Structure formats: C-alpha cells, structure tokens
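# What the coordinates show
Given next are the chains, with one letter for each unit.
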Amino acid sequence: ELIPGLNAWLEEGVKESFSYKEVWSDEDYRIVISEFFKIVSRHKKHLTIFIDNFQHLDSASMKCLFSMLEFSEQLPLTWIVTCNYDDLSESDQQNVKEGSKQGVIYRLHLAPLSEAFFGSLLQDLFSNKLHDLPSLLSPLYTATQGNPSQLKQMLQSLLDNNYIFY
C-alpha cells in the first residue's frame, strides 16, 4: 500500500514540489525527504532512521538533517544515530543540545569497555590462541581507551600492514 503512494509522488509530486535542476540545493533535498516522511506517515507506518558515525556527515547533510528535526515530532519517526559528540563541530554540538531541549534528541553515553572485557574480546577474536595477551592488550587498550570501534580499526591496520597475522 505504501509503494503506489511513493510511485505516484515520484512520477507527479516531485515535479510540483520544485522544478528540475541539474544541481539540487539543500532545500530541494529537505523537500524530497520531508515528502517521503509524510507519505510513510499517511500509511500509518513508523519509520526508523539509523545513522552510524553521525559526526562524519558532511556539513550540508548535517544541516539538512537538523532542519528535518522541526517536523520530526509530528511524524511516526524515530532517529537513531551514533556519534562521538566530541568530534562534532561547535555548531553541531549546539544543534544536538537544542534538539535535546526540544525532546527530539536523547543522548546516551556509552562508557568505554573495561580492560578485562577488552582482553576477553581479543582472546575471542583470536580463538583463544593469544599466548602473550598482556603484551598486546596493554598498548591496544591504552591507544583505544576502551573504544571497540577504534580497536577494530587498529587491529585491521595491524593486520593490513602485517604487524600481526592470524
């Protein structure tokens, strides 16, 4: 039931929303995305949008997403984003704070993994074949500060450069 509404809008509705341009403006993207959300909500569908590493979005996309928060409250829409808050620009941090005040953004702080859990994770990754875990664990834990994403990146880099092999 949702697809015919999207098809009709894509065939006719988009033309009414704005004229064809070779290069779309931020406002054009906002219009298209907001119309999509409205079609989904008309059909009583709940939409969940997940964005990983939010802090790495380009500024135009970030601006577009923050502008969509204005009408998000009126739609059956849930935003889930992961980000390193400290890596956001000052203006994006301010937007997150403002969204928190409006009740459309909820922040959840995830604490770093413990060193013991990190060691267990490393043993699992290497099928319990690490004979000298402390010599690998200590520098990895210090460098990543318990961040599993950074651990993954660091291990991949070590593997890619043949510093460790498995």
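Residues numbered from 1 in each chain as written. Predicted model: local features only at pLDDT ≥ 70, side-chain atom pairs only at ≥ 80, totals over all residues. Heavy atoms only, no water.

With that settled, consider the overall build of the protein. Along its length, the protein carries seven helices and two strands. Helices (α) and strands (β) of the protein occur, in sequence order from the N terminus, as α-α-β-α-β-α-α-α-α. Sorting the 166 residues of the protein into buried and exposed places 33% on the buried side. For the protein, the exposed area adds up to about 11600 Å²; of that, 54% sits on carbon and sulfur atoms. (Helix = DSSP H or I, 4+ residues; strand = E, 2+ residues; numbered from the N terminus. Buried < 20%, exposed > 50% of the residue type's maximum accessible area, 1.4 Å probe, protein only. Areas by Shrake-Rupley, 256 points an atom, 1.4 Å probe, with all protein chains shown as cover.)

A separate point is the pairing of strand β1 (residues 47-51). Because side chains alternate across β1, one face comprises the buried residues L47, I49 and I51, and the other comprises T48 and F50, none of which is buried. Inspection of the sheet shows β1 paired to strand β2 (residues 77-81) by five bridges, in the parallel sense. The residue bridging L47 from the neighbouring strand is L77, located in β2. (Pairing = 2+ DSSP bridges.)

With that settled, the discussion passes to the layout of surface pockets. Reported here for the largest pocket is a volume of approximately 1500 Å³. Residue lining of the largest pocket: 43 residues in total, with T82, C83, N84, Y85 and L108 positioned closest to the centre. For the lining of the largest pocket, a count of residues per class yields 22 nonpolar, 16 polar and five charged. Within this model, the second largest pocket holds a volume of roughly 200 Å³. Lining of the second largest pocket is provided by L121, L125, F126, P148, L151, K152, L155, Q156 and L159. (1 Å grid on protein atoms, 1.4 Å probe; cavity = no way out; pocket = protein on both sides within 12 Å on 5 of 7 lines; lining within 4 Å. Points joined across faces, edges and corners; volume = space filled by probe spheres on them. Nonpolar A, V, L, I, M, F, W, Y, C, P; charged D, E, K, R; others polar.)

With that settled, consider helix α2 (residues 26-42). Over its 17 residues, α2 runs 24 Å from end to end, which matches the ideal 24 Å to within 8%, given 1.5 Å per residue. Burial in α2 covers these residues: D28, I31, V32, S34, E35, F37, I39, V40 and S41. (Expected span 1.5 Å × (residues − 1).)

In this structure, F37, F54 and F66 are the most contacted members of the largest nonpolar core, which totals 18 residues. When residues of this core are traced back to their parent elements, those giving at least two are α2, β1 and α3 (59-72). Among the elements that make up this core, the one with the highest residue count is α3 (six residues). Judged by nonpolar contacts, the second largest core, of twelve residues, contains F118, L122, L136 and Y141. (Core = buried A, V, L, I, M, F, W, Y, C linked by side-chain atoms within 4.5 Å.)

What follows covers the packing of helix α5 (residues 115-125) against helix α6 (residues 133-144). The N-to-C vectors of α5 and α6 enclose an angle of 120°; their axes lie 10 Å apart at closest approach. With respect to their mutual orientation, α5 and α6 come out oblique. In this structure, α5 meets α6 at a crossing whose hand is right-handed. Across the interface between the two elements, E115, F118, G119, L122 and Q123 of α5 pack against L133, L137, S138, L140, Y141 and T144 of α6. Among the residues forming the contact of α5 with α6, the class breakdown is six nonpolar, four polar and one charged. (Axes fitted to C-alpha atoms, helices over the stretch in contact; angles between N-to-C directions. Parallel < 35°, antiparallel > 145°, perpendicular 65-115°, else oblique. Left-handed = near helix turned anticlockwise from the far one by under 90°. Contact = heavy atoms within 4.5 Å.)

Moving on, we get to the side chain of Q55. Tracing the backbone shows Q55 in the loop between β1 and α3. On the basis of relative accessibility, which here comes to 13%, the residue Q55 falls in the buried class. For Q55, the side chain forms a polar contact with the side chain of H56, separated by 3.3 Å. If sequence neighbours within four positions are ignored, Q55 has contacts with M62, T82, C83, N84, D87 and L88. (Polar contact = N/O pair within 3.5 Å; in protein donor to acceptor, adjacent residues only side chain to side chain.)

Our focus in this paragraph is unusual backbone geometry. Even without glycine at this site, Q145 takes up a positive phi of about 55°. Looking at the secondary structure, you find Q145 in the loop between α6 and α7 (148-160). The class for Q145 is exposed, based on a relative accessible area of 62%. Positive phi, close to 60°, is recorded for N162, a residue that is not glycine. Its relative accessible area of 63% is what places N162 among the exposed residues.

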